[in-house]
Amino acid sequence: MSQAKTRLVVLISGSGSNLQALIDATQSDDLDAEIVAVISNKNAAFGLQRAAQAGIATEVLDHRGFESRDQFDAALTELIDSYQPDWVLLAGFMRILTATFVRHYQGRLINIHPSLLPKFPGLDTHQRAIDAGERHHGASVHFVIPALDAGPVIIQGMLAIRPGDSATELASRVLQVEHQIYPATLHWLADKRISYANEQTLLDNEPLPATGYQMDFTGNDDTH
């Protein structure tokens, strides 16, 4: 009897390029994982079209229809749970989630963030990295905890900041890194190699360093 596939729900707010990388991985790789639903808080999110083209169920839950963040998150929880996911993946979901929501999915809620955490949580990460004189930048896949962008890291992808890089140029190259490290994480999730315990990321039941598993793209940084 074949083992049931790992069930994923992905939350988006925009174009869904990371969603597309996850869709491509589930469709082209030999993965025991499937995206069972894509949920957006914005009806115009292009990622919904990406999901529909891939035959994935889509849902829109507009946060503007709720009087409070708590009410929206409660409705979102009910919608997500109707799909019985093993994991909930944030892929450009531009909402700060309540602690109640995060605790409900503690240990199975994952986000991707465009910096080498713990550096540069929040917004405008690329310009902030340039302004700080950083030599390296990148992206992190991490577990979500109530504190913003502070959960234990699973994978980081690092690239070099080039002399004269603009925030836009750097963002474009970091996005290519994101499109590699999120599917890599997905492989681990499907193979049941990743878990969360004692506020740490475990890979094959062994704690990872605070910065997670490191993927170095500095020597192969030809993306434009």
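Note that the structure is a prediction, hence the values are computed from the model and not measured.

Conventions we followed
Residues numbered from 1 in each chain as written. Predicted model: local features only at pLDDT ≥ 70, side-chain atom pairs only at ≥ 80, totals over all residues. Heavy atoms only, no water. Helix = DSSP H or I, 4+ residues; strand = E, 2+ residues; numbered from the N terminus. Rg over C-alpha atoms; globule rule 2.2 N^0.38 Å. Buried < 20%, exposed > 50% of the residue type's maximum accessible area, 1.4 Å probe, protein only. Contact = heavy atoms within 4.5 Å. Polar contact = N/O pair within 3.5 Å; in protein donor to acceptor, adjacent residues only side chain to side chain. Pairing = 2+ DSSP bridges. Core = buried A, V, L, I, M, F, W, Y, C linked by side-chain atoms within 4.5 Å. Salt bridge = Lys/Arg side-chain N within 4 Å of Asp/Glu carboxyl O. Expected span 1.5 Å × (residues − 1).

Novice: Teacher, can you tell me more about the overall build of the protein here?
Specialist: Secondary structure summary: the protein contains 6 helices and 11 strands in total. In terms of C-alpha radius of gyration, the protein reaches 17 Å, essentially the compact-globule figure of 17 Å for 224 residues. When the backbone C-alpha atoms are referred to their principal axes, the protein occupies close to 50 × 45 × 35 Å. Burial analysis of the protein (224 residues in total) assigns 48% to the buried set. Restricting to contacts in the protein with at least 6 residues of sequence separation, those with at least 24 account for 67%.

Novice: Any chance you could explain the side chain of Asn41 here in plain terms?
Specialist: Among the structural elements, Asn41 can be located in the loop between strand S2 (33-40) and helix H2 (46-53). Accessibility expressed as a relative area gives 2% for Asn41, which makes it buried. There is a polar contact of 2.6 Å between the side chain of Asn41 and the side chain of Ser13. Within the structure, the side chain of Asn41 is placed 3.0 Å from the side chain of His63, a separation counted as a polar contact. For Asn41, the residues in contact, after removing those within four places along its chain, are Ile12, Ser13, Leu61, Asp62, His63, Phe72, Phe93 and Arg95.

Novice: How should I be thinking about the side chain of Thr26 in this particular structure?
Specialist: With respect to the helices and strands, the residue Thr26 is situated in helix H1 (residues 17-28). Of note is the side chain of Thr26, whose polar atom sits 2.8 Å from the backbone oxygen of Ile23. If near-sequence neighbours (up to four positions away) are discounted, Thr26 is found in contact with Leu31, Ala33, Ile35 and Leu186.

Novice: Even after reading the chapter, I still don't get the pairing of strand S1 (residues 6-12), so can you show me in this structure?
Specialist: The side chains of a regular strand alternate, first on one face of the sheet and then on the other. Of all the 7 residues making up S1, 6 are buried; the element is thus mostly covered by neighbouring parts of the structure. In this sheet, strand S4 (residues 87-90) lies alongside S1 in parallel orientation, the contact comprising 4 bridges. When the sheet's bridge partners are listed, Leu8 is paired in S4 with Trp87.

Novice: Please clarify how the nonpolar core should be interpreted in this entry.
Specialist: A general feature of soluble globular proteins is that nonpolar side chains tend to end up buried together. Judged by nonpolar contacts, the single largest core of 42 residues is most densely connected at Val10, Ile35, Val38, Leu89 and Ile110. In terms of residue count, the dominant contributor to this core is helix H6 (residues 167-190) (9 residues). Counting 21 residues, the second largest nonpolar core, distinct from the first, contains Leu11, Val36, Phe72 and Ala75.

Novice: Please clarify how the pattern of salt bridges should be interpreted in this entry.
Specialist: Tallied over the full model, the rule gives 4 salt bridges. Notably, a salt bridge pairs Glu134 with Lys119, separated by 2.8 Å at the nearest N-O pair. Here Lys119 lies in the loop between strand S5 (109-113) and helix H5 (125-131) and Glu134 lies in the loop between H5 and strand S6 (136-143), a separation of 15 residues in the sequence. By relative accessible area, Glu134 is classed as partly exposed at 21%. Looking at Lys119, the relative accessible area reads 42%, which means it is partly exposed. Arg193 is the salt-bridge partner of Asp204, the closest N and O atoms lying 2.7 Å from each other. In this pair, Asp204 is assigned in the loop between strand S9 (200-203) and strand S10 (206-207) and Arg193 in the loop between H6 and strand S8 (194-197), connecting sequence segments 11 residues apart.

Novice: Just checking my understanding: could you explain helix H3 (residues 69-81) for this structure?
Specialist: Structural remark: α-helix, 3.6 residues per turn; residues separated by three or four positions point the same way. Taking 1.5 Å per residue, 13 residues should reach 18 Å; H3 reaches 18 Å between its end C-alpha atoms and fits that length. Of the positions making up H3, those classed as buried are Phe72, Asp73, Ala75, Leu76, Thr77, Leu79 and Ile80. Looking at the buried residues of H3, the elements they touch are S1, S2, strand S3 (58-60), S4 and helix H4 (99-104).

Novice: Whenever I open this one, the sheet that holds S9 confuses me. Can you help?
Specialist: The pairing of strands in a sheet comes from backbone hydrogen bonds and takes either a parallel or an antiparallel form. What the 3 strands build is an open sheet, ordered S8-S9-S10; its pairing is antiparallel. Edge positions in the sheet fall to S8 and S10, since each of these pairs with one other strand and no more. Where S9 meets S10, 2 bridges bridge the pair, whose relative direction is antiparallel. Paired with Leu202 across the two strands is Pro207, which belongs to S10.

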